[in-house]
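Residue-level structure breakdown
Here's the letter readout for the chains.
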Amino acid sequence: MSRSTVETEPGGESPPPPGDDHAFFGQPRGLLTLSGLEVWERFSFLGMQAILVLYFADTVAHGGLGMSSGTAASVSAAYGTLVYLVSVAGGWLADRMLGSYRAVLWGGILIACGHYSMAVPTATMTWVGLGLISAGTGLLKPNVATMVGKLYRTDDDRRDAGFALYYMAINIGAFAGPLITGWLGDHRGWHWGFSAAAVGMTFGLIQYVMGRRHLAGRKRAAEFALAPDAMRRAVLVIVLGILAAAVLATLLALVGYLTMDRFVDLLTLISVIAPVVYFVVMFRSPRVTDAERGRLRPYIVLFLASTVFNFILFQAYSTMMLLAASNAETTILGYDFPASWYASALGAFEVALAPVVAALWVRMGHRQPHASNKIAIGVVLGGLSFLLMVLPTSGHSSDDYLMSAWWIVGSYFLLGLGDILLETSGMSATTKLAPAAFTSQTMSLWFLSLALANGIQAQTVKLYDDVSKPAYFGVNGAIAVAAGLAVMALAPWLRRTMHPVH
């Protein structure tokens with residue numbers, strides 16, 4: 001929300017200072033605070049993610065968990081599914097109980113505690129840490145993106161550029177995180193890498209609290225807070241529900257029914273059901289106007305496009321990591337590096353390309369492509385990044401070959417450009433299309449597309465060990481390209497039904 005639309009908030013809090021509106025490269029000063037938080041959150045999350053699948057697949061003797069490649073990738077994807085499923089609860093808690101500022105703060109605290117837990121070199125603390133990180137990320141991710149949207153009016157042409165800069169900041173963390181955690185994991189041990197992630201999240205929390213006065217829309221209470229009696233009942237239900245789920249899961253695990261495979265399958269099932277239920281609830285809600293309901297219909301297309309693209313993107317940290325570790329050279333220009341550093345290439349490309357994309361959108365103004373076309377192009381680029389991998393993985397009589405590092409770097413270039421186009425436009429469109437009564441929860445719905453992508457991935461990557469690499473990357477890439485072309489074909493209808501959103 002720009003300065004002209006920010007009002008004095010209840011409880012004595014003041015809006016951001018008047019000079020904030022163009023203080024950060026022509027963007028609101030609050031964008032710097034939120035981007036700074038995301039730098040460190042992504043440093044910790046993706047730094048850990050870059051080595052997580054390698055830690056799962058490493059032998060017990062070398063400090064890993066000894067999983068097969070397919071199982072390691074599936075469990076890693078299931079963890080990602082859980083992270084984004086919890087974002088639904090995070091959006092609801094922000095809207096109805098905590099408010100966005102406090103939801104982000106408590107989310108960051110849980111994430112930091114989770115990473116510190118993973119620094120303890122035991123398998124039990126690894127699972128405890130992943131649980132805490134899942135809960136914390138579910139609180140933080142949907143709500144910090146919503147807070148970025150509150151810095152702008154709906155018709156502010158800087159909005160997409162602001163999200164592009166915000167996404168560039170995210171990818172500074174995505175670039176730096178794997179460099180630090182990957183080197184520590186390779187040279188000192190996996191849990192040293194997890195320790196670096198913990199320190200990074202701590203830095204993020206410190207700068208977030210210090211810059212809170214620059215944030216638009218922060219309040220002591222939630223925007224659509226529950227009545228006091230309903231609030232007490234909700235707290236009781238949440239606490240009892242968590243305890244009951246923990247007890248039930250423990251009992252099922254002890255009797256041997258809740259295995260890792262069944263838990264992964266359960267998360268995939270929930271990731272399919274949850275967005276369907278959520279769309280139904282929003283369409284039927286009496287608090288959603290007819291105009292808002294009309295804009296939700298094209299949003300379903302954007303949701304599915306996000307799912308397809310992120311199904312490819314998240315494999316940059318699973319199957320692509322495994323491919324890099326086993327079949328790619330880890331030397332560039334005579335310098336040896338850990339395989340996990342490939343993940344930094346993705347962040348580096350997005351850091352370099354995001355300001356270019358942001359400047360292009362600002363220069364084009366209202367002449368820039370419609371949000372649906374930006375998203376469609378992103379999906380096509382994601383598919384091409386996988387199709388590219390068909391070439392170096394084809395024509396080998398055994399699996400002991402080594403491809404040039406530049407193949408994976410090239411794939412990550414296409415994926416990074418697609419990610420900038422899709423995620424920035426998708427998050428921006430989400431904040432524009434969101435019904436007023438479901439602001440944070442609609443952003444949670446966008447993250448449910450990430451949960452669904454991970455849920456599908458958790459099943460698909462099980463085939464990684466069973467089919468040829470050209471077939472695996474070729475089929476998945478072709479599906480993504482076809483999906484992107486389908487969204488382009490729907491562009492006229494999307495422009496009409498998303499109006500006045502550009």
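Note that this is a predicted model, so its numbers are computed, not measured.

1. Brief notes about a nonpolar patch on the surface
On the surface, a cluster of nonpolar side chains totalling about 810 Å² of accessible area is made up of Trp127, Met260, Phe263, Leu266, Leu269, Ile270, Val272, Ile273, Val277 and Val281. Here the nonpolar patch takes 9 residues from helix H8 (residues 260-284), the largest share from any one element. Tracing the backbone through its elements, the reader meets Met260 in helix H8. Using a relative accessible area of 34% as the deciding quantity, one classes Met260 as partly exposed.

2. Topic: the nonpolar core
Residues Tyr342 and Tyr412 are the most contacted members of the largest nonpolar core, which totals 129 residues. When residues of this core are assigned to their parent elements, the largest contribution, 13 residues, is made by helix H1 (residues 30-57). The contact partners of Tyr412, leaving out residues within four places of it in the chain, are Ala316, Met320, Met321, Tyr342, Ala343, Ala345, Leu346 and Phe349. Membership of the second largest hydrophobic core comes to 6 residues, among which are Leu93, Ala94, Ala103 and Leu139.

3. Remarks on the packing of H1 against helix H6 (residues 190-210)
Relative to each other, H1 and H6 sit at 170°, their axes nearing to 8 Å. Between H1 and H6, the angle falls in the class roughly antiparallel. Tallied by class, residues from the contact of H1 with H6 come to 17 nonpolar, 8 polar and 1 charged.

4. Examining the layout of surface pockets
Within this model, the largest pocket holds a volume of roughly 1,800 Å³. Taken together, 44 residues line the largest pocket, and the ones lying closest to its centre are Leu82, Val86, Gly131, Ala245 and Phe263. Every element with two or more residues in the lining of the largest pocket is listed here: helix H2 (69-98), helix H4 (123-149), helix H7 (228-254) and H8. The dominant element in the lining of the largest pocket, judged by the number of residues it contributes, is H2, at 12 residues. Classifying every residue of the lining of the largest pocket by side-chain character gives 37 nonpolar, 5 polar and 2 charged.

5. What about the packing of H1 against H2?
Where H1 meets H2, the closest approach of the two axes is 8 Å, and the angle between their N-to-C directions is 150°. Comparing the axis directions of H1 and H2 gives the class roughly antiparallel. Crossing geometry of H1 relative to H2 is assigned as right-handed. Residue-level contacts link Arg42, Phe45, Met48, Gln49, Leu52, Val53, Phe56 and Ala57 of H1 to Ala72, Ala73, Val75, Ser76, Tyr79, Val83 and Tyr84 of H2.

6. Considerations on empty space enclosed by the protein
Tallied over the entire structure, the rule returns 4 cavities of 30 Å³ or more. Here the largest cavity is characterised by a volume of approximately 310 Å³. What lines the largest cavity is a set of 24 residues, among which Arg42, Tyr84, Tyr167, Leu313 and Phe314 lie closest to the centre. By residue class, the composition of the lining of the largest cavity is 14 nonpolar, 5 polar and 5 charged.

7. Quick word on the pattern of salt bridges
Oppositely charged side chains can form a pair if their charged atoms are brought close together. Counting across every chain of the model gives 4 salt bridges. Across the pair Arg42 and Glu41 runs a salt bridge, and its minimum N-O distance is 2.6 Å. Here Arg42 and Glu41 have matching classes, each one buried. Between Asp290 and Arg293 there is a salt bridge whose closest N-O contact spans 3.0 Å. Here Arg293 and Asp290 lie together in helix H9 (residues 290-313), a separation of 3 residues that amounts to about one turn.

8. What to know about the confidence of the model for the chain
Here the chain averages 82 in pLDDT, and 89% of its residues register 70 or above. Confidence scores differ between elements of the chain, with strand E1 (residues 331-332) showing the lowest mean pLDDT of 77 and helix H16 (residues 469-489) the highest of 94. Within the model, pLDDT remains below 50 along residues 1-14, and this stretch shows 36 contacts once partners closer than five positions in the same chain are excluded.

9. Here's the deal with the packing of aromatic side chains
On inspection of all chains with the given rule, the structure shows 15 aromatic pairs. Between the aromatic rings of Phe56 and Trp127, the centroid separation amounts to 5.7 Å while the plane-to-plane angle is 25°, which identifies the pairing as stacked. Of this pair, Phe56 sits in helix H1 while Trp127 is found in helix H4, placing the two residues 71 residues apart along the sequence. Taking relative accessible area as the criterion, Phe56 reaches 0% and is therefore assigned buried.

Rules used throughout
Residues numbered from 1 in each chain as written. Predicted model: local features only at pLDDT ≥ 70, side-chain atom pairs only at ≥ 80, totals over all residues. Heavy atoms only, no water. Patch = residues over 30% accessible without salt bridge, like charges linked within 9 Å, V, L, I, M, F, W, Y side chains within 5 Å. Areas by Shrake-Rupley, 256 points an atom, 1.4 Å probe, with all protein chains shown as cover. Salt bridge = Lys/Arg side-chain N within 4 Å of Asp/Glu carboxyl O. Helix = DSSP H or I, 4+ residues; strand = E, 2+ residues; numbered from the N terminus. Buried < 20%, exposed > 50% of the residue type's maximum accessible area, 1.4 Å probe, protein only. Core = buried A, V, L, I, M, F, W, Y, C linked by side-chain atoms within 4.5 Å. Contact = heavy atoms within 4.5 Å. Axes fitted to C-alpha atoms, helices over the stretch in contact; angles between N-to-C directions. Parallel < 35°, antiparallel > 145°, perpendicular 65-115°, else oblique. Nonpolar A, V, L, I, M, F, W, Y, C, P; charged D, E, K, R; others polar. 1 Å grid on protein atoms, 1.4 Å probe; cavity = no way out; pocket = protein on both sides within 12 Å on 5 of 7 lines; lining within 4 Å. Points joined across faces, edges and corners; volume = space filled by probe spheres on them. Left-handed = near helix turned anticlockwise from the far one by under 90°. pLDDT = per-residue confidence, 0-100. Phe/Tyr/Trp six-rings, centres within 6.5 Å; stacked < 30°, edge-to-face > 60°.

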